[in-house]
Amino acid sequence: MPNSTKDGLGCMSRLRRHWGWVVTFASYLIYFITIGVIYCFGIITVAVQNDLNSSVAATGWIPSIASGLSLISVAIVDSLVRRFSHRLVSIIGVVLCFIACLVTSFMPSVFPMYFTFGLAYGTGAGICTFSGMLLVVEHFPSEHRSRATSLAVAGTTTGMLVLNPVVYGLLSALGWRSTLRILGAVVLGLGITMSAFLTPVSKMQKKGHVSDDAIHENSISPLKKTENEGKITAPNTLRPSRQTGRYEVYKFPEWWILLLATISSQMSISIFFFYWAKLVLSLGFKESTAAVAMTIMAASELAGKLTIAVIADHLPFPKLYLHYVPIVVGVCIMLSIKHITTLPLIFVISSITGFFVASPLNTLPYVITSEVFPNRGSVPMTSMVVAVGLGLTLGAVYGYSLDFTGSFSGALNGCIAAYAFSAVLLLSVVLYQKYLAEERYVMWNTVRHRHGVKQACKDNDLAEL
């Protein structure tokens, strides 16, 4: 057999053994183009507002609804992929996004866009992105989940980083209607191509190409040592037992407190995604400055997500506590925005916002549920995603601050209050479990288990040597 043929077969064999990372990269690109369009819509709304003579709040609802529904719609994705397939569901979502962009480009007023873009595009984006995310979780059920999900979700930030300057250039040259048509075509081409790589673990097993990553993680989760042997056993607890109950989480008061804390914090972060460009303009800067500021924020947010992907599984404390970093930094930013008068300051604030506020608030809700409420299937994660969507949608109310008062002062004060409220609620979750539901206070056990698994793997490797 020629060497080139052997090399090709060897490469394909390695890809199949690590297919989970192929799925992660495909999901990353689906997030990149579909959610990236939503996150760069803040620049498009400025053009729409000027062209159709609409208010800030009216146009702000368009991306807010789309962003919210891209998360709320995940509630139906699990049922869809069980009935059909991850690949088919993702393709349907991509096609819906394309149709939404095309139809919206012909709209004569803002109100229909709530349905053509907000409803249709948001639903389509949620369907195609979460079908990929479910596969990522399936391929990485334990140790590498934080890293894989963080890398996949980082596609949203990369999309914001790359598409913001591209969209600004297209708007300047062609206008917002042609820009939407071009974006729709790119979504269709890239989205369908990446959806083709969404293959579940079950099909890989039938073909004899099961991922080494899935095998490795299933073999070490959870950590359990017998009394007579120092070897790790491999009981299957990837699904919640009947005693645990996957829907029982809805009976826990601290679960609803955590959801409310998430909604509150996500309302505050929405101002950076959908009103940041308008806020920069309200401070007296040019549109080009607003575009650069959003690009800088996207770049720093991407760096923050990659940092979280690297360190999240190595933290010596529960990831819930990491939530206080964006809350404290977010409050400081809200207090300082009113005093920004120079270009360097606006760029520095954009950078700090992306790294310390946007990246953790965009990533942590998807990973903390497995520590606070472990072994309860996909229900906690799905509910948490819906809560994030509700928060981003309700964040559109901050646009009324500029419409009614001529400034964002009211919105900034509202964000500070929301951050403070979220901090109190997060503390309440910990205190409730620790003192009123001790049997559920296992977040520290999850941390110790994670580090114990790694140490046990190291010990096994040394023993084999």
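What counts, and at which threshold
- Residues numbered from 1 in each chain as written.
- Predicted model: local features only at pLDDT ≥ 70, side-chain atom pairs only at ≥ 80, totals over all residues.
- Heavy atoms only, no water.
- Helix = DSSP H or I, 4+ residues; strand = E, 2+ residues; numbered from the N terminus.
- Buried < 20%, exposed > 50% of the residue type's maximum accessible area, 1.4 Å probe, protein only.
- Contact = heavy atoms within 4.5 Å.
- Areas by Shrake-Rupley, 256 points an atom, 1.4 Å probe, with all protein chains shown as cover.
- Core = buried A, V, L, I, M, F, W, Y, C linked by side-chain atoms within 4.5 Å.
- Salt bridge = Lys/Arg side-chain N within 4 Å of Asp/Glu carboxyl O.
- Phe/Tyr/Trp six-rings, centres within 6.5 Å; stacked < 30°, edge-to-face > 60°.
- Lys NZ or Arg CZ within 6 Å of the ring centre and 35° of its normal.
- Expected span 1.5 Å × (residues − 1).
- Arc of directions from axis to C-beta.
- Disulfide = S-S within 2.5 Å.
- Axes fitted to C-alpha atoms, helices over the stretch in contact; angles between N-to-C directions.
- Parallel < 35°, antiparallel > 145°, perpendicular 65-115°, else oblique.
- Left-handed = near helix turned anticlockwise from the far one by under 90°.
- Nonpolar A, V, L, I, M, F, W, Y, C, P; charged D, E, K, R; others polar.

Observations concerning the overall build of the protein
Of regular secondary structure, the protein possesses 21 helices and zero strands. Expressed as a percentage of the 465 residues in the protein, the buried residues total 55%. Restricting to contacts in the protein with at least 6 residues of sequence separation, those with at least 24 account for 85%. When the accessible surface of the protein is summed, it comes to about 19,300 Å², and 65% of that surface belongs to carbon and sulfur atoms.

Brief notes about the nonpolar core
Tyr121, Ile271, Phe272 and Trp276 are the most contacted members of the largest nonpolar core, which has 137 residues in total. Not counting residues within four places of it along the chain, the set of residues in contact with Trp276 comprises Ile271, Ala293, Met294, Met297, Ile337, Ile346, Ile349 and Ser350.

Topic: the pattern of salt bridges
Across all of its chains, the model carries four salt bridges by this definition. Linking Asp51 and Arg177 is a salt bridge whose minimum nitrogen-to-oxygen distance equals 4.0 Å. Of this pair, Asp51 sits in helix α3 (residues 41-52) while Arg177 is found in helix α9 (residues 176-195), placing the two residues 126 residues apart along the sequence. Residue Arg177 is classed as partly exposed on the basis of its relative accessible area of 25%.

Things to note about the environment of Arg87
Tracing the backbone shows Arg87 in helix α6 (residues 86-104). Sequence separation between Arg87 and Pro200 is 113 residues; the distance between their C-alpha atoms is 9.1 Å. When sequence neighbours within four positions are dropped, the list of residues in contact with Arg87 reads Ser195, Ala196, Leu198 and Thr199.

Structural notes on the side chain of Gln49
Structurally, the position occupied by Gln49 is in helix α3. Sequence-distant contacts of Gln49, that is, excluding residues within four places in its chain, are made with Ser54, Ser55, Val56, Thr59 and Lys278.

Digging into unusual backbone geometry
Located in the positive-phi region is Asn53, a residue other than glycine, with phi close to 55 degrees. By secondary structure assignment, the location of Asn53 is in the loop between α3 and α4 (56-72). With relative accessibility at 71%, the residue Asn53 sits in the exposed group.

Observations regarding the environment of Met297
Along the chain, the position of Met297 falls in helix α14 (residues 287-311). Taking the C-alpha atoms as reference points, Met297 and Gly354, 57 residues apart in sequence, are found 4.6 Å from one another. Those residues in contact with Met297 that sit more than four places away from it in its chain are Met160, Phe272, Trp276, Ser350, Thr353 and Gly354.

Side note on the packing of aromatic side chains
Under the definition given, this model contains 13 aromatic pairs. Considering the side-chain rings of Phe252 and Phe373, the 6.2 Å spacing of their centres and the 15 degrees angle between planes classify their relative orientation as stacked. One end of the pair, Phe252, is in the loop between α11 (212-220) and α12 (253-274); the other, Phe373, is in the loop between α17 (369-372) and α18 (379-394), with 121 residues separating them in the sequence. Each member of the pair, Phe252 as well as Phe373, carries the same accessibility label: buried. Residues Tyr321 and Trp444 carry aromatic rings whose centres are separated by 6.1 Å and whose planes lie at 50 degrees to one another, so their mutual orientation is tilted. One end of the pair, Tyr321, is in the loop between α14 and α15 (324-337); the other, Trp444, is in helix α21 (residues 443-464), and 123 residues separate them in sequence. Judged by relative accessible area, Tyr321 falls into the partly exposed class, the value being 27%. Note on Trp444: relative accessible area 28%, which makes it partly exposed. Here a set of aromatic residues connected by ring pairs shows up, and it is made of Phe41, Phe117 and Tyr121. For Arg181, the ring lying beneath its charged end belongs to Phe106, and the centroid distance is 4.4 Å.

A closer look at α9
What sets the pattern is the α-helix's 3.6 residues per turn: residues three or four places apart point alike. Counted at 1.5 Å a residue, the expected span for α9 with its 20 residues is 28 Å, and the 28 Å between its end C-alpha atoms agrees. Among the residues of α9, Trp176, Thr179, Leu180, Leu183, Gly184, Val187, Gly191, Met194 and Ser195 are the ones counted as buried. All buried residues of α9 fall inside an arc of 135 degrees around its axis, so they share one side.

Description of the state of the cysteines
Applying the stated criterion across every chain, the model contains zero disulfides. Counting only cysteine sulfurs, Cys97 is the nearest neighbor of Cys128, a cysteine outside any disulfide, at a range of 4.8 Å.

Some details on the packing of helix α5 (residues 74-83) against helix α7 (residues 113-139)
Close contact between α5 and α7 brings their axes to 9 Å; oriented N to C, the two are set at 60 degrees. Considered as vectors, α5 and α7 are oriented oblique to each other. Seen from above, α5 lies across α7 with right-handed handedness. In this structure, α5 uses Val74, Val77, Asp78 and Val81 to contact α7, whose residues at the interface are Gly126, Ile127, Phe130, Ser131 and Leu134. For the contact of α5 with α7, a count of residues per class yields six nonpolar, two polar and one charged.

As for α3
The terminal C-alpha atoms of α3 lie 16 Å apart, and with 12 residues this matches the ideal 16 Å at 1.5 Å per residue to within 8%. Along α3, nine of the 12 residues are buried, which leaves the element largely enclosed by surrounding structure. What α3 keeps buried is the set Phe41, Gly42, Ile43, Ile44, Thr45, Val46, Val48, Gln49 and Leu52. Once α3 ends, the next one or two residues include Asn53, with phi positive near 55 degrees.

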